[in-house]
Protein chains: 2
Amino acid sequence: MIKRRKNPVEMIHTEPNLCSTDLRLHILHGVPFFASLEHTKIEEINQQIHEKGFKPGDYLYFAGDPADSLFIIAEGRVKLLRHTTAGKDVMLDLLIPGEFFGGLSTSSSSTYLETAQALTSVCALSISREGFRTILNQHPAVGIQVLDLVAARLEAAHDTIHQLSAQTAEQRIAATLLMLAAKLGEPHEVGLLIQTPLSRDELAEMTATTPETASRVISQFQRDGWIATGRKWIALIRLEELLQTAEMKV
Amino acid sequence: MIKRRKNPVEMIHTEPNLCSTDLRLHILHGVPFFASLEHTKIEEINQQIHEKGFKPGDYLYFAGDPADSLFIIAEGRVKLLRHTTAGKDVMLDLLIPGEFFGGLSTSSSSTYLETAQALTSVCALSISREGFRTILNQHPAVGIQVLDLVAARLEAAHDTIHQLSAQTAEQRIAATLLMLAAKLGEPHEVGLLIQTPLSRDELAEMTATTPETASRVISQFQRDGWIATGRKWIALIRLEELLQTAEMKV
DNA sequence: GCAATTATCTGATCCATATCATGGACTGAA
DNA sequence: TTCAGTCCATGATATGGATCAGATAATTGC
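Definitions and cut-offs
- Along each chain, residues carry numbers from 1 onward, in the same order as the chain's sequence is written.
- For this description, chains carry letters from A and ligands carry numbers from 1, given in the order in which they are written.
- pLDDT decides what is reported in this predicted model: residues at 70 or higher carry local features, side-chain atom pairs at 80 or more are listed and counted, and totals for whole chains, interfaces and linings draw on all residues regardless.
- Excluded from the side-chain calculation are hydrogens and water; included are all heavy atoms of the structure.
- Throughout the structure description, domain borders are defined by an automatic or database domain assignment.
- Once two parts are put together, the accessible area they lose, assessed with a 1.4 Å probe and summed over both, is termed the buried area.
- Any Lys or Arg side-chain nitrogen found within 4 Å of a carboxyl oxygen on Asp or Glu counts as a salt bridge.
- Numbered from the N terminus, helices here are DSSP runs of H or I no shorter than four residues, and strands are runs of E no shorter than two.
- Relative accessibility thresholds used throughout: buried, under 20% of the residue-type maximum; exposed, over 50%; partly exposed, between the two (1.4 Å probe, protein chains only).
- Any pair of nitrogen or oxygen atoms within 3.5 Å is treated as a polar contact; in protein, a donor-acceptor pairing is required on top of that, and neighbouring residues in sequence qualify only through side-chain atoms on both sides.
- Whether a residue is near a molecule or strand depends on its heavy atoms: it is near if one of them lies within 4 Å of it.
- Residue polarity follows a fixed list, in which Ala, Val, Leu, Ile, Met, Phe, Trp, Tyr, Cys and Pro are nonpolar, Asp, Glu, Lys and Arg are charged, and the others, Gly among them, are polar.
- Any two rings among Phe, Tyr and Trp, with Trp reduced to its six-membered ring, count as a pair given centres within 6.5 Å; such a pair is stacked if its planes are under 30 degrees apart, edge-to-face if over 60, and tilted if neither.
- When DSSP finds at least two bridges between two strands, those strands are taken to pair.
- Angular values range over 0 to 180 degrees, each being the angle between N-to-C directions of two axes fitted as lines to C-alpha atoms, with helices fitted over their stretch in contact.
- Between two residues, a contact is recorded if the distance between any of their heavy atoms is within 4.5 Å.

## Considering the domain arrangement of chain A
Residue and element names in this part refer to chain A.
Move 1: Each domain of chain A was delimited in the assignment, giving domain 1 (21-153) and domain 2 (167-247).
Move 2: Taken together, both faces of the contact between domain 1 and domain 2 bury some 990 Å²; the carbon and sulfur share is 56%.
Move 3: The largest contributions to the domain 1 side of the interface with domain 2 come from Arg77, Met91 and Leu94, which together make up 47% of the buried area.
Move 4: Seen at the junction of domain 1 and domain 2, the total is three salt bridges.
Move 5: The residue lysine 183 makes a salt bridge to glutamate 99 at a minimum N-O spacing of 3.0 Å.

## Overview of the environment of Glu51(B)
Residues and elements named next belong to chain B.
Move 1: Relative to the helices and strands, glutamate 51 is located in strand S1 (residues 50-54).
Move 2: Residue class for glutamate 51 comes out partly exposed when judged on its relative accessible area of 24%.
Move 3: Each C-alpha atom, one on glutamate 51 and one on phenylalanine 71, is 9.2 Å from the other, the two residues being 20 residues apart in sequence.
Move 4: Polar contacts involving the side chain of glutamate 51 include one to the side chain of arginine 24, which spans 3.0 Å.

## Some words on the protein's contact with DNA strand C
Move 1: Taken together, 19 residues form the shell around DNA strand C, and within it Ala169(A), Thr213(A), Ser215(B), Arg216(B) and Arg231(B) come nearest.
Move 2: For DNA strand C, a phosphate oxygen lies 3.5 Å from a polar atom in the backbone of Ala208(A).
Move 3: The side chain of Thr210(A) places a nitrogen or oxygen atom 3.2 Å from a phosphate oxygen of DNA strand C.
Move 4: Broken down by element, the surface near DNA strand C gets its largest block of residues, five residues, from helix H7 (residues 211-223) of chain B.
Move 5: Class assignment for the residues of the surface near DNA strand C results in two nonpolar, seven polar and ten charged.

## Quick notes on the packing of aromatic side chains
Residue and element names in this part refer to chain A.
Move 1: Throughout the structure, instances matching the rule amount to 18 aromatic pairs over all chains.
Move 2: Ring geometry for tyrosine 61 versus phenylalanine 71: centroids 5.4 Å apart, planes at 40°, classification tilted. Of the two residues, tyrosine 61 is situated in strand S2 (residues 59-61) and phenylalanine 71 in strand S3 (residues 69-75); the sequence distance between them amounts to ten residues. For the pair tyrosine 61 and phenylalanine 71, one class covers both residues: buried.

## Structural notes on the sheet that holds S2(A)
Residue and element names in this part refer to chain A.
Move 1: Reading across from one edge, S2-S7-S4-S5 is the order of the four strands in this open sheet, with antiparallel pairing throughout. Looking at strand neighbours, the two that pair on one side only are S2 and strand S5 (89-95), the edges of this open sheet. Strand after strand, the sheet turns through a mean of 30° between neighbouring axes, direction not considered.
Move 2: Pairing analysis gives four bridges linking strand S4 (residues 78-83) to strand S7 (residues 115-118), with the strands arranged antiparallel. Counted as the bridge partner of lysine 79 is glutamine 117 from S7.
Move 3: Lying on the sheet, helix H6 (residues 200-207) is in contact with S4 and S5; it crosses S5 at an angle near 95°.

## Quick notes on the pattern of salt bridges
Move 1: Scanning the entire structure with this criterion turns up 16 salt bridges over all chains.
Move 2: Arg82(A) is paired through a salt bridge with Asp159(B); the nearest N and O atoms lie 2.3 Å apart. Of this pair, Arg82(A) sits in strand S4 while Asp159(B) sits in helix H4 (residues 140-166), on two different chains.
Move 3: Across the pair Arg133(A) and Asp148(B) runs a salt bridge whose closest N-O atoms are separated by 2.7 Å. With Arg133(A) in helix H3 (residues 129-138) and Asp148(B) in helix H4, this pair bridges two chains.

In structure tokens, the structure reads:
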């Protein structure tokens, strides 16, 4: 019987409301769509940026709130959720430092459609929609890079629609683990560790399954030796087998 | 027993390769992201545009083809498909005149991820990716409008993910009929006619169901008096009941 | 006008996963 | 160290929809 290990996921320790100026500038420089800007431009942008800290479980905003700000994660992890009227949550994205979310809603939709919730301690930077629009007008190269990133998200959403339409729960879970490892994976003695807290509930939210189904599949993957896992953590060991499962013909 | 009617959907008669210059300029003026450009600019853009005609069933391009052009539909209807290895098609979008598709793939994906297929006779305009990028660089307002349109598509894709994750086949079909009526609906004596050829197979492709399930649900909606339907056509009669079905708690 | 083909409808059966329930293990606070 | 709360694992049962099959109706081509 495989003995469960202590949770190897590092809990990110950010004091709420403690984003240093150095961290902000470091993050802003690292944001892909500002990469084409000069240092002085980024410092100008920094003047328009607000910052806020959140504890795990805190909500950055709710669906239905006025969509007046764009957010960028400086530290921590955030999930974007849509709620059903039956109370079931669907996780649309798990975001990491440097990623933006929130105020891209078009003018025809003046409220947030998703809810943003902190998975860990989070420091988030925000800029008003007007401020962001001004940057887009003044710097076409920024607009093109944002367009490329949103187009890439649209392709990823189409991947998900494809999976949900034609794949089994096991295939979707295998594919999701591989996607998370590509995004958040860190080599660790237990395997390629997905470096974020990840409960069976959250995995179910991402794969259109229930916690019970996620638990059955994850347990089977562990018995097969493909992953190592415990409470709120998963590390991949046999990526090749997971890849074959994800791509298997139905 | 409800007697089936002759197909009220008008078959669009476009001679392949016969987009008049008038039609081209009319369409280019109507494209939302060119709305901010002056007439002389649009005529300049018209110089870079190629046109091509397609018969129903023809493929504009296949998944895996080099992604070198952006397309705009001048006339007709096009569907975007992703194929599974098991041969099941998933329809991601049904596009109408004025809508663009194709060459927004980011540089990390140099081939088309979807297949584009003509549902009717189609006249399509195309411009190279380089040409389109030049327009974006020269006209920031165009880039911002394209960004808004792609962001709106991302929201629609998230809607679909939400539906696929948490709704029944009947709810998804009701929601899809309403979406199609909002996009393509024309008042007709049979009801609000979805003005495109639409078989049970195609409806199944859009709703992650099978043609048999689509047929059962559509027959039930007709028996309930909510729609009128026949071979390859559907008209909505009781939109309120369909809306309630789509939003019903699971 | 008729035959062939295509599209739709309906029935029977099967299955993947949800639902409901229970027990065990781990974590954190007192 | 203990206990309450949370998370996970597993079993039994129910169900929505897929699969397979056959019949009927509409359309198209000769």
